[in-house]
Amino acid sequence: MMIVDDEPLVRLALQHMIDWPSMGISVEVEAADGAEALDILEQRDDIDLMLLDIEMPRLSGIELLRAFPAIVEKRRPVTIMLSAYSDYSYVREAFLLGAIDFIVKSDMDEEHLVPVILKAISELRKQDSPSTPLPSSEVEDDVDAKSEILRQLITFDPNQQEDAVAVVTTDIHEWLGEANQLVAVMTISQGSLGSRQERSLHDAKTQRFITQSVQTVLDAMSIRHFIYRKSQTEYVLFCTLAQYRSESVIREKVQSAFAMMQTRLIQYVNVSIAIGVSELASGTKHWYRLHQQAAHLVAMSFFAGWNKVFYPESCMDQGRQGASAVQDHVRKLQMTLKATGASIAQLLEQENAELWNREFEQMQLLLGQTWGWRPQDVQAALEDLLWELGGLLYRKGIRWDDLEQELQHPFEYLKSLETLEETKNWLNRICSNLHGQLHGMAKADVSYSSVVATAKQFLDLHYMEDVNLALISEMVGVSESYLSKQFTKEVGSNFIQYLTNLRIEESKRLMKKKGFKITDIAESVGYLNVEHFSRMFKKTTGCSPKLYRESLLK
């Protein structure tokens, strides 16, 4: 092995952190930078393994990996990168250049390092195997064959296709066994990605990086597994933990693995994920049921948001009600939502916007009761409202094309929304925009330039988030100074004033409801510091939030 790092203390620590001889490894040489390491690799062909720092003077770790083709006649060492958290873009590139894993320096201890070294040793043994390697076409065929078996495993219902399932489960039994098995379904949010990053999500190299990151974590936790990529944004993980007898120990292992998975994917691929984890079972006939359970659990991200792990107890209350009681509740709620949607459409014809707003608040409360539904069932229930609004548009001679761009194809757009909160905000925008069209309140928007109109629309929808002038100006493609000047000129208030007014008006509306604490209201409208919220509220309204609420009670 060769250790390449520009910090002598890091090289010294790695030398003595692990009993390398007991693992069959001899630390033969060190290098203080990539240039020195390249010289060594050009002179020697016996370096099997390399621990390589990313950031170094003269020649970085990335530049060294790029230089490998120049010494391609020699065998390339199996490479593990040493990185800092801030180096996620470099780590991603290192994977694409052939590195098999990485160690974050803040986690550089025996517990984290040994599993990665064992993985590298396994890779070396594959390289040294005397058996003739399969042609690439046969390797691809083998991967495709395994994927097809895993697909069938979650598609064939054992209760209805017993013979087919028996054939499929033979292979999975040989691969993983059938003791302490579970299935996890991982979905990736595209909503948190910018347009360029969203395109890269579908890139084959990035997909491999995601798969490798998941694989690394499961290997480090000694969890036997297979990964099946069901779609561009959905992965199914088949796992067994036969070596453990205690369910509490298994749960601790699983929780640690998926928490680490979330952290790494956010840090190194910049994506948000949700994971649904099934209960434990033993017996290959259970794979289908476990997948069904995990798929239902991961769908809870529609209600709870991203970067969460959902376990069976997440839906325990619904399960206790019984299937017939749940179905009866769903039917009644669907009918109530339909009636409320019809009422909203009627009230939009009234000039007083408070009327439809109050009815919309009732719909939001009803939607809060849909926890545990399938997201597509919630969306199906909301399609009734869209039909009602479409009928209103037709009667008034307005087309969907007359509304904002994001509102012009509502049925398709509804299905693309990833959370209930996004869905409610979007429906509110449709109703608000339509009310403005009906009563002439949107005429003033015609005078807005495209840049200001886009910025204003984004603020109207995302004012409760961490938004700022720099973010919006980058999004619309102009400088901060230009956007600030134009926004003030066209809207009549500057960017900060407009954002503050949106947040304060929403907070005033929330104060009319019972059960909301001032701190909760402050956070929900975008102020993490309640003192700052109180100062801005008093500056805008002339009184503190507490006095304002007391005046409402009086």
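The rules we used
- Residues numbered from 1 in each chain as written.
- Predicted model: local features only at pLDDT ≥ 70, side-chain atom pairs only at ≥ 80, totals over all residues.
- Heavy atoms only, no water.
- Helix = DSSP H or I, 4+ residues; strand = E, 2+ residues; numbered from the N terminus.
- Buried < 20%, exposed > 50% of the residue type's maximum accessible area, 1.4 Å probe, protein only.
- pLDDT = per-residue confidence, 0-100.
- Contact = heavy atoms within 4.5 Å.
- Phe/Tyr/Trp six-rings, centres within 6.5 Å; stacked < 30°, edge-to-face > 60°.
- Salt bridge = Lys/Arg side-chain N within 4 Å of Asp/Glu carboxyl O.
- Pairing = 2+ DSSP bridges.
- Axes fitted to C-alpha atoms, helices over the stretch in contact; angles between N-to-C directions.
- Expected span 1.5 Å × (residues − 1).

So, unusual backbone geometry
Logical step 1: At Asn180, a position not held by glycine, the phi torsion is positive, near 50°.
Logical step 2: You can see Asn180 is positioned in the loop between helix H7 (162–176) and strand S6 (181–189).
Logical step 3: With a phi close to 60°, Asn307 is a non-glycine residue in the positive phi region.
Logical step 4: Residue position: Asn307 is located in the loop between helix H12 (301–304) and strand S10 (308–310).
Logical step 5: Judged by relative accessible area, which is 32%, Asn307 ranks as partly exposed.

Regarding the confidence of the model for the protein
Logical step 1: Taken as a whole, the protein shows an average pLDDT of 81; of its residues, 86% reach a score of 70 or greater.
Logical step 2: When pLDDT is averaged over each helix and strand of the protein, the minimum, 44, is found for helix H8 (residues 195–201) and the maximum, 94, for strand S1 (residues 2–4).
Logical step 3: Under a pLDDT of 50 for its full length, residues 441–446 has, in the predicted model, five contacts with residues more than four places off or in other chains.

Some words on the packing of aromatic side chains
Logical step 1: What the rule picks out here adds up to eleven aromatic pairs.
Logical step 2: Summarising the aromatic geometry, the rings of Phe238 and Trp287 are spaced 5.6 Å apart at their centres and angled 65° between planes, so their arrangement reads as edge-to-face. Placement of Phe238 in strand S8 (residues 234–240) and of Trp287 in helix H11 (residues 287–298) is noted, with a sequence separation of 49 residues between them.
Logical step 3: Among the residues examined, Phe238 registers a relative accessible area of 0% and is labelled buried.
Logical step 4: Between Phe487 and Phe495, the ring centres sit 6.0 Å apart and the planes meet at 65°, which makes this aromatic pair edge-to-face. The residues Phe487 and Phe495 share a single accessibility class, namely buried.

Quick look at the pattern of salt bridges
Two side chains carrying opposite charge are able to pair once their charged atoms lie near each other.
Logical step 1: Applying the stated rule across the entire model yields 20 salt bridges.
Logical step 2: In this structure, Arg44 and Glu28 form a salt bridge, with 3.6 Å as the shortest nitrogen-oxygen distance. Highlighted residues: Arg44 in the loop between helix H2 (34–43) and strand S3 (49–53) and Glu28 in the loop between helix H1 (8–17) and strand S2 (29–31), separated in sequence by 16 residues.
Logical step 3: Put simply, Asp5, Glu7, Asp53 and Lys105 are held in one network by salt bridges that share partners.

With respect to the sheet that holds S2
Each strand in a sheet pairs with its neighbour through backbone hydrogen bonds, running either in the same direction (parallel) or in the opposite one (antiparallel).
Logical step 1: In space, the five strands of this open sheet follow the order S2-S1-S3-S4-S5, with parallel pairing throughout. Where the open sheet ends on each side, the last strands, each with one partner, are S2 and strand S5 (101–104). Ignoring strand direction, the axes of neighbouring strands in this sheet form an average angle of 20°.
Logical step 2: Sheet topology note: the strand S4 (residues 78–83)/S5 ladder contains four bridges and is parallel. Pairing of Ile80 across the sheet is with Asp101, part of S5.
Logical step 3: Along the sheet, H2 makes contact with S1, S2 and S3, crossing S2 at roughly 140°.

Details of helix H16 (residues 375–395)
Logical step 1: In a regular helix each residue adds 1.5 Å, so 21 residues correspond to 30 Å; H16 covers 31 Å between its end C-alpha atoms and thus fits that length.
Logical step 2: Here H16 has its buried residues at Pro375, Val378, Gln379, Ala381, Leu382, Leu385, Leu386, Leu389, Leu392 and Leu393.
Logical step 3: At the C-terminal side of H16, Gly397 shows a positive phi close to 75°.

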